[in-house]
Amino acid sequence: MWDTITCQTSVVIAELQVYSIVGLSFSNNGKLLAVASNDQYHTISVYDWQKNICLSKFSAAFSKIFDLAFVQHDQSICVVGHELIQFWQNITTKVPFYLHADYCEMITNKQTYITVVDFQSLAVASTAEGLLVSFDGNRLKRVTQANNGPVFAVNASRKLDQ
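Residues numbered from 1 in each chain as written. Predicted model: local features only at pLDDT ≥ 70, side-chain atom pairs only at ≥ 80, totals over all residues. Heavy atoms only, no water.

Details of the sheet that holds strand β1 (residues 21-26)
Filter applied, for reference: DSSP calls a pair of strands paired once it identifies at least 2 bridges connecting them. The way it works is that DSSP assigns letters per residue, a run of H or I at least four long becomes a helix, a run of E at least two long becomes a strand, and they are numbered from the N terminus. Every angle, taken between N-to-C directions, lies between 0 and 180 degrees, and every axis is a line fitted to C-alpha atoms, over only the stretch in contact when it is a helix.
Ordered by their spatial adjacency, 4 strands build an open sheet running β1-β2-β3-β4, and the pairing between neighbours is antiparallel. Strands with a single pairing partner mark the edges of an open sheet, and in this sheet they are β1 and β4 (53-59). Averaged over all adjacent pairs, the angle separating strand axes in this sheet is 15 degrees, with direction ignored. Across 5 bridges, strand β2 (residues 32-37) lies against strand β3 (residues 43-48) in antiparallel orientation. In the strand pairing of β3, Ala34 is matched with Val46.

Written out as structure tokens, the structure reads:
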């Protein structure tokens, strides 16, 4: 990590993945960092980056991961990718587990999810088919056709008036 004002290195994270990193997400409170790797196990690591401690490391899937985000007041991580959406619980322990998404007939688990953000504790994921899909926990809350093609980027303001 580096200081954004001075551009000086402040922390070098120990035990960081050795393969390419495909996703980074800071928790909403800024204390945790989740890292997704493109290794053969698609490893997710959760760090207390200020203390330079790896709290948890687990294999997310055998599908390609594209993005991840802390959701539900930093109590879980949503991981998205090629035909993949998972909601990981117990993320700061040595035994995290995931819940499958609860779907409806409009979407299936065969969707390619491109990116995910936390918006007011909901996971909002975009798909290659142009959908924005929001989940409360692992339960489907809403599906919106946002575009005729893929949605590659989603940004959610933390302020309610923006």
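Moving on from the model shown.
Looking at the packing of aromatic side chains
So the rule is basically this: Put simply, two rings from Phe, Tyr or Trp (the six-membered ring, in Trp's case) pair if the centres are within 6.5 Å, and we call them stacked under 30 degrees between planes, edge-to-face over 60, tilted for the rest.
Here the structure, examined in full by the defined rule, presents 4 aromatic pairs. With a centroid separation of 6.0 Å and an interplanar angle of 80 degrees, the aromatic rings of Phe26 and Trp49 are classed as edge-to-face. Of this pair, Phe26 sits in strand β1 while Trp49 sits in the loop between β3 and β4, placing them 23 residues apart in sequence. Note on Trp88 and Tyr98: the rings are 5.0 Å apart at their centroids and 50 degrees apart in plane angle, and the pair reads as tilted. Note that Trp88 is positioned in strand β7 (residues 84-89) and Tyr98 in strand β8 (residues 97-100), a separation of 10 residues in sequence. Connected via pairs of aromatic rings, a cluster forms that spans Phe58, Trp88 and Tyr98.

Here's the deal with the nonpolar core
Rules: Only buried residues count toward a nonpolar core, which is a set of Ala, Val, Leu, Ile, Met, Phe, Trp, Tyr and Cys residues joined through side-chain atoms within 4.5 Å. Using a 1.4 Å probe on the protein chains alone, a residue whose accessible area is under 20% of its type maximum counts as buried, one over 50% counts as exposed, and one in between counts as partly exposed. Note on definitions: a residue-residue contact is assigned when non-hydrogen atoms from the two residues lie within 4.5 Å.
In this structure, Ile44, Ile77 and Val79 are the most contacted members of the largest nonpolar core, which totals 16 residues. Going through the elements one at a time, β2, β3, β5 (65-71), β6 (76-81) and β7 are the ones with two or more residues in this core. Not counting the four nearest positions on each side in its chain, Val79 is found in contact with Ile44, Ala60, Ile65, Asp67, Leu68, Leu84, Ile85, Gln86 and Trp88. With 15 residues, the next largest nonpolar core counts Ile85, Tyr113, Ala123 and Leu131 among its residues.

Thoughts on unusual backbone geometry
For residues other than glycine, phi is negative in most cases, and the peptide bonds are mostly trans. Residues other than glycine seldom take positive phi values, yet His73 does so here, at roughly 55 degrees. Mapped onto the fold, His73 is located in the loop between β5 and β6. Assessed through its relative accessible area of 63%, His73 is described here as exposed. For Gln120, which is not glycine, the phi dihedral falls at a positive 50 degrees. Looking at the element boundaries, Gln120 is found in the loop between β9 (113-119) and β10 (122-127).

Thoughts on the pairing of β7
Among the 6 residues that make up β7, 6 are buried, leaving the element largely enclosed by the rest of the structure. A two-sided burial pattern is seen for β7, the buried positions comprising Leu84, Gln86 and Trp88 on one face and Ile85, Phe87 and Gln89 on the other. Where β6 and β7 come together, 5 bridges link them in antiparallel fashion. Counterpart to Gly81 in the pairing with β7 is Leu84. Linkage of β6 to β7, two consecutive antiparallel strands, is achieved through a turn of 2 residues, within which Glu83 is found at a positive phi near 50 degrees. Pairing between β7 and β8: 4 bridges, direction antiparallel. Of the residues in β8, the one forming a bridge with Trp88 is Tyr98.

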